[in-house]
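# Residue-level structural notes
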Amino acid sequence: MPVPVWGTAGPGEVIMVSFAEQTKSATTDVTGKWMVKLDPLQATSTPASLLISSQTSGSKIEVLNVVVGEVWVCSGQSNMAYAMKGVPNLKTEASQADKLKLRMFKVQSMRAPTPQTDVIGKWVVCSAATIEGFSAVGYFFGRDIHKTTNVPVGMIHSSVSGTAAELWTSLSGLEKEPSLQGYVQLANATLKNDQGGAENYPKEIEEYQTRLKNWEATEGKAYGEVMKAWKAANKDNPAAGNPPVPAVPKPIPPTDPIGKKPTVLFNGKIAPLIPYAIRGAIWYQGESNSPKPFEYRTLFPRLIADWREKWGQGDFPFLFVQIAPFKGNPPELREAQFLTWKKTPNTAMAVLTDTPPNLHPSDKEPAGTRLALAARAIAYGENMEYSGPEYDSMKIEENRVILNFHHVGGGLIAKDGPLKGFLIAGADKKLVEATAEIQGETVVVSSAQVPAPLAVRYGFVANPEVNLWNKDGLPASPFRTDPESMTEDVSPNKKPLTETISPET
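Remember, predicted model here, so these are calculated numbers, not experimental data.

Scanning the model with the defined rule gives 21 aromatic pairs in all. Residues Trp 72 and Phe 141 carry aromatic rings whose centres are separated by 5.0 Å and whose planes lie at 75 degrees to one another, so their mutual orientation is edge-to-face. Remark: Phe 141 occurs in helix 3 (residues 136-149) and Trp 72 occurs in strand 7 (residues 70-76); sequence separation between them is 69 residues. For the pair shown, Trp 72 and Phe 141 are each scored as buried. Centre to centre, the rings of Trp 283 and Trp 307 are 5.7 Å apart; their planes meet at 90 degrees, and the pair counts as edge-to-face. Taken together, the residues span a long stretch of sequence, with Trp 283 in strand 11 (residues 280-284) and Trp 307 in helix 8 (residues 293-311) at a distance of 24 residues.

Trp 307, Phe 318, Leu 403, Phe 422 and Val 443 are the most contacted members of the largest nonpolar core, which has 64 residues in total. When residues in this core are grouped by element, the largest group, seven residues, is from helix 8. Core analysis: the next-biggest nonpolar cluster, separate from the first, contains 37 residues, Ala 94, Ala 136, Ile 145 and Ile 282 among them.

Our next topic: the sheet that holds strand 22 (residues 468-470). Read across the open sheet, the three strands follow the order 16-22-23; overall the sheet is antiparallel. The open sheet is flanked by strand 16 (412-414) and strand 23 (474-475), the only strands paired with a single partner. Across two bridges, strand 22 lies against strand 23 in antiparallel orientation. By the bridge assignment for strand 23, Trp 469 is matched with Pro 475.

Right, let's talk about the layout of surface pockets for a bit. Taken as a whole, the largest pocket holds about 1800 Å³ of empty space. What lines the largest pocket is a set of 46 residues, among which Pro 4, Val 5, Trp 6, Trp 123 and Tyr 276 lie closest to the centre. Looking at side-chain class alone, the lining of the largest pocket contains 33 nonpolar, eight polar and five charged residues.

What counts and how
Residues numbered from 1 in each chain as written. Predicted model: local features only at pLDDT ≥ 70, side-chain atom pairs only at ≥ 80, totals over all residues. Heavy atoms only, no water. Phe/Tyr/Trp six-rings, centres within 6.5 Å; stacked < 30°, edge-to-face > 60°. Helix = DSSP H or I, 4+ residues; strand = E, 2+ residues; numbered from the N terminus. Buried < 20%, exposed > 50% of the residue type's maximum accessible area, 1.4 Å probe, protein only. Core = buried A, V, L, I, M, F, W, Y, C linked by side-chain atoms within 4.5 Å. Pairing = 2+ DSSP bridges. 1 Å grid on protein atoms, 1.4 Å probe; cavity = no way out; pocket = protein on both sides within 12 Å on 5 of 7 lines; lining within 4 Å. Points joined across faces, edges and corners; volume = space filled by probe spheres on them. Nonpolar A, V, L, I, M, F, W, Y, C, P; charged D, E, K, R; others polar.

Here's what the structure looks like:
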């Protein structure tokens, strides 16, 4: 694809860009902005230099060690931010990291009331020394894409823990959906009231980081030793009292003036990336929208459409992870993700029902590898199964319900024993455990307690225990056959959402 290169200089300057035996020129506009588009390039891991020069002023910028390959945006909240240093198989991956042609650009946190034009960050080459800081989902995804394509893979990592989807959607994107106008009003209020504070915030952060570095150099190390000794001395003494405090208090970070307001992360961490030539995006988010899962049915597709509209690359692949089993992750949010996948073209969803219950599963390899399978099929055109069974439709025959699926692949299977996780209900909407059997490419569900069934649910709880897979090694998503008729969950043992999402650390 054409490769945009852009920047700023003085108004009216003539800018020359040279790379890979191409030279393109552009004249800056009245605001100093310029952009050229290099012709499509051949992927290569041989480093080259990118030379940008002003024919007017004579100034030059040379960017070294540039390679050409596939670029993907990795975004979302804490599960995308989760670093490789926390995964159980870090040592194994680190041992092969030097052989991978993988790089990651981590966009530093920046919230803004208006769209920005630049970000802070740098490309880091994957190696045994750097792998710990990589987004784990991004790494496993990029690793598999590289092994499949045998070309360099660049991951632009832009995520923030504890953030909701409305923060990652532009103001104009939110304005296009009538049901999201409350977010539009809140974003406009932020723009009106907090502009001054937002402008000073980057400087305050820089000053805080300087103070923190000085504190760690003068006080932090000694205090760490004191705490270590105190913990060791009192590990078996629950009545030990309060731990010691440092002689000089640790610096406190400044308060973000615009916090978790709509659009601020799109403005600060996505808008500056556009129009970088990307193959697509991977996304792991949803936990922070759990209190409003029905709204997410509208908000999430709007976010995807918004990014595609802004990038101007058509319906580029947008691949996402369904939130993992956990007592605080409501089934209605997974359903919103499932429905988004069904109605939004060029998307795919990685299902994690086989993951041990955890808000932040430490094993990120299943998420990354399943996203990569989807990319291989959707972005790279491989003829392969990339999803577990996807509920499509149902048919009632007397006292049983017959379920039809897409993505059957090599066939449906019950993993590790008889099918489980199915519930069935009649007109009274009382759900009871059901017997479920695979018959060809369908699942037949019934119960002696429900002679006239109307609806079926599969794994429709916060922490599902399910085992419907296809023979291609991919699990089915939880679902209910009546999502459009329901406004609240009536499944058994439903508990109110009491967990809170941790703020950004």
